[in-house]
Amino acid sequence: MTEPPKGIGAVVEELRTEFPDVSVSKLRYLESRRLIAPARTPRGTRRFDRESVERTKEVLRLQRDEFLPLDVIARRMESWLPSTTAPAPPGPLGTAELASAAGIDVTTVDALTAHGLLRPDNGTFSPASLVIARGAAELLAAGLEPRHLRLLRSGVEQVSERVAATTRAVAKGRSGEATRREMTDRLEQAVRLVLDGVAQEEFGRLRTD
């Protein structure tokens, strides 16, 4: 049976399980920025079907997990489709769990680890490793090899080392710890923007070649 559409209040209650700070005004703002587009009744009441709810979740995840500005999220959402990927298991993942959740085999996890793309900690993998593994699975299916994907990590590592040196120099002592964290968050977002822009530019060329 198809789930009936929900009003904005019910959607907010559903979303608060994953996004405790979400509010009705937040969803109205996202709608004003054309990031979400719930249907309207003849009286103008917003109605969210399941796809609209999932789209809203994706926008909120991109804000929370990738710290992306709304204009970048808008470009991402232009090609968004409701995800059929199973949710990540909670907590650290073992090798077999990571392989299953990412849709690859254990041998591939071992190869990605050997080439430095995946970084286990005491034999387990973080949720970020699952994101990496799922993306790697798509690239490997297209014919790339684990050794090629190592380059994706090495560039970010070099930049992060410079960021670490900069933040340590700028914010020394206990009083500077909050400043260091804030600066690190800001620079992480900047790096994500650069990477997103480079990917858009390079793959844009592929589409026109």
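Just so it is clear, the structure is predicted and the values come from calculations on it, not from any experiment.

(A) How the structure looks around unusual backbone geometry. The phi dihedral of Arg34 is positive, around 65°, even though this residue is not glycine. Assignment of secondary structure puts Arg34 in the loop between α2 (24-32) and β1 (39-40). Note on Arg34: relative accessible area 76%, which makes it exposed. Its identity is not glycine, yet Asn122 carries a phi of approximately 55°, on the positive side. Topologically, Asn122 is positioned in the loop between α6 (106-114) and α7 (127-141).

(B) Region of the structure containing the packing of α2 against helix α3 (residues 50-66). Between α2 and α3, the least distance of the axes is 12 Å, while the angle of their chain directions is 95°. In terms of axis orientation, α2 runs roughly perpendicular to α3. Here α2 contributes Lys26, Leu27 and Leu30 to the contact with α3, which in turn contributes Thr56, Val59, Leu60 and Gln63. Partitioned by chemical class, the residues of the contact of α2 with α3 number 4 nonpolar, 2 polar and 1 charged.

(C) Structural detail: a nonpolar patch on the surface. There is a patch of nonpolar side chains on the surface, built from Leu139, Leu144 and Leu152 and spanning about 240 Å² of accessible area. In this fold, Leu139 is placed in helix α7. Look at Leu139 and you get partly exposed, because its relative accessible area is 30%.

Here is what the cut-offs are and how they apply
Residues numbered from 1 in each chain as written. Predicted model: local features only at pLDDT ≥ 70, side-chain atom pairs only at ≥ 80, totals over all residues. Heavy atoms only, no water. Helix = DSSP H or I, 4+ residues; strand = E, 2+ residues; numbered from the N terminus. Buried < 20%, exposed > 50% of the residue type's maximum accessible area, 1.4 Å probe, protein only. Axes fitted to C-alpha atoms, helices over the stretch in contact; angles between N-to-C directions. Parallel < 35°, antiparallel > 145°, perpendicular 65-115°, else oblique. Contact = heavy atoms within 4.5 Å. Nonpolar A, V, L, I, M, F, W, Y, C, P; charged D, E, K, R; others polar. Patch = residues over 30% accessible without salt bridge, like charges linked within 9 Å, V, L, I, M, F, W, Y side chains within 5 Å. Areas by Shrake-Rupley, 256 points an atom, 1.4 Å probe, with all protein chains shown as cover. Salt bridge = Lys/Arg side-chain N within 4 Å of Asp/Glu carboxyl O.

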